[in-house]
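Single-letter residue listing:
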Amino acid sequence: MSPATRNPDHILQVQGLRAGHGQLVAVRDVSFALKRGACVALIGANGAGKTTLLRCLAGVHPALGGRLHLGAQDITALPAHRRVQQGLALVPEGRRLWADMTVRENLTVALEHRDAARAAAATAPWSIERALQALPGLVPILDRPAGALSGGQRQAAAIARALMSNPEVLLLDEVSLGLSPLVVDEVYRSLQALRAQAGTTLLLVEQDLGRALAFADRVMCLREGQIVLEAACAETTREAVTEAYFGMAHAAPSAALETTP
Ligand SMILES: Nc1ncnc2c1ncn2[C@@H]1O[C@H](COP(=O)(O)OP(=O)(O)OP(=O)(O)O)[C@@H](O)[C@H]1O
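Per an unreviewed UniProt entry, the protein is named ATP-binding cassette domain-containing protein, and its organism is Rubrivivax rivuli. Quoted straight from UniProt, the Sequence similarities (unreviewed entry) entry for the protein says "Belongs to the ABC transporter superfamily."

Engineer: Residue-level account of the overall build of the protein, with values.
Structural biologist: Looking only at helices and strands, the protein has nine helices and 10 strands in total. Taken against the 2.2 N^0.38 rule, which gives 18 Å for 261 residues, the C-alpha radius of gyration of the protein at 18 Å falls within 12% of a compact globule. With the C-alpha coordinates of the protein rotated into their principal frame, the extents come out at 50 × 45 × 35 Å. Within the span of the protein, comprising 261 residues, buried residues form 41% of the whole.

Engineer: A description of the site of the ligand should follow, citing residues and the corresponding values.
Structural biologist: The environment of the ligand is made up of His21, Leu24, Ala26, Gly44, Asn46, Gly47, Ala48, Gly49, Lys50, Thr51 and Thr52. Those elements giving two or more residues to the shell around the ligand turn out to be β2 (24–35) and α1 (50–58). Looking at the shell around the ligand, the element that brings in the most residues is α1, giving three residues. Residues belonging to the shell around the ligand are distributed by class as follows: three nonpolar, seven polar and one charged.

Engineer: A description of the pairing of strand β9 (residues 218–223) should follow, citing residues and the corresponding values.
Structural biologist: The element β9 is extensively covered by neighbouring structure, given that five of its six residues are classed as buried. As paired strands, strand β3 (residues 39–43) and β9 are joined by four bridges and run parallel to one another. Its bridge partner being in β9, Ile43 is matched across the sheet by Cys221. With six bridges joining them, β9 and strand β10 (residues 226–232) adopt antiparallel strand pairing.

Engineer: Can you explain α1? Please cite residues and give values.
Structural biologist: Among the nine residues in α1, seven count as buried, and that is most of the element. Buried residues of α1: Lys50, Thr52, Leu53, Leu54, Arg55, Cys56 and Leu57, and no others. Note on α1: the residue one or two positions beyond its end, Gly59, has a positive phi of about 85°.

Engineer: An account of helix α6 (residues 151–163) is requested, with residue identities and associated values reported.
Structural biologist: Taking 1.5 Å as the rise per residue, α6 with 13 residues should run 18 Å; its terminal C-alpha atoms sit 18 Å apart, in good agreement. Among the 13 residues in α6, 11 count as buried, and that is most of the element. Every buried residue belonging to α6 is among Gln153, Arg154, Gln155, Ala156, Ala157, Ala158, Ile159, Ala160, Arg161, Ala162 and Leu163, and all of these are buried. Where the residues of α6 are buried, they touch β6 (88–91), α3 (103–112), α5 (128–134), β7 (169–172) and α7 (181–198).

Calculation rules
- Residues numbered from 1 in each chain as written.
- Predicted model: local features only at pLDDT ≥ 70, side-chain atom pairs only at ≥ 80, totals over all residues.
- UniProt positions renumbered as here; feature names shortened; annotations may be inferred.
- Helix = DSSP H or I, 4+ residues; strand = E, 2+ residues; numbered from the N terminus.
- Rg over C-alpha atoms; globule rule 2.2 N^0.38 Å.
- Buried ≥ 20, exposed ≤ 12 C-beta atoms within 10 Å, placed from the backbone.
- Near = placed C-beta within 6 Å.
- Nonpolar A, V, L, I, M, F, W, Y, C, P; charged D, E, K, R; others polar.
- Pairing = 2+ DSSP bridges.
- Expected span 1.5 Å × (residues − 1).
- Contact = placed C-beta atoms within 7 Å.

What follows is the structure in structure tokens.
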């Protein structure tokens, strides 16, 4: 992407991204851009390529082609840890915390590995104290080993750990997976606080279509590794999204596409 075609309003620009697993192509020529401060929900059936796409953006899965820009910087060739330092953080499916360490230790290690210059330049850099204000549910479990936490607590701790890098863009895989509705509500309240307080740009994978459309500004539907729908949530309908999701007109929602009103 030439500097002339880059839009300064876009914090993340993805062009022609391709990735696979062996012979299998999982992400096919995917292009999109995230506006600064936006929240985009990425939806798609099992195996559509959502996790592979997020992992490619984070640099933990190799891309076969394409270009990525974070702000004005071309990050295509940067390894995962450099992308984190530049402001692109992933909260992976399954959360991947260090199970034997306490929550506090998980956060401290992340804090020590962040880019000091970026943190110094930030107007309000994240600290453990500030993360606890945004995610108060962590306060009583700060000294508990991450391996002993419930699903919702692990999700909150993983989000807090990602915040330690002062992300401009937070990628969240399967936000609601394995969590009770009440805990999901709490996680989304925390994400709302992040958006309001820090203006963090969010790209989140969410299987609950009702929740995705209610929370995000835009929705992007991935099918067989391609973006088949990209729209403002306020300007699309469940029917249009469901049709894109299944690749057929008038498809009935299945258990794979939850639809909380
Ligand atoms: N480690 C792997 N080895 C081989 N194939 C894989 C691997 N991980 C994913 N795939 C395949 O790549 C394709 C995309 O998978 P991916 O996990 O990215 O999809 P997804 O949309 O995140 O699905 P899910 O909701 O089930 O996690 C699928 O066909 C899947 O079977």
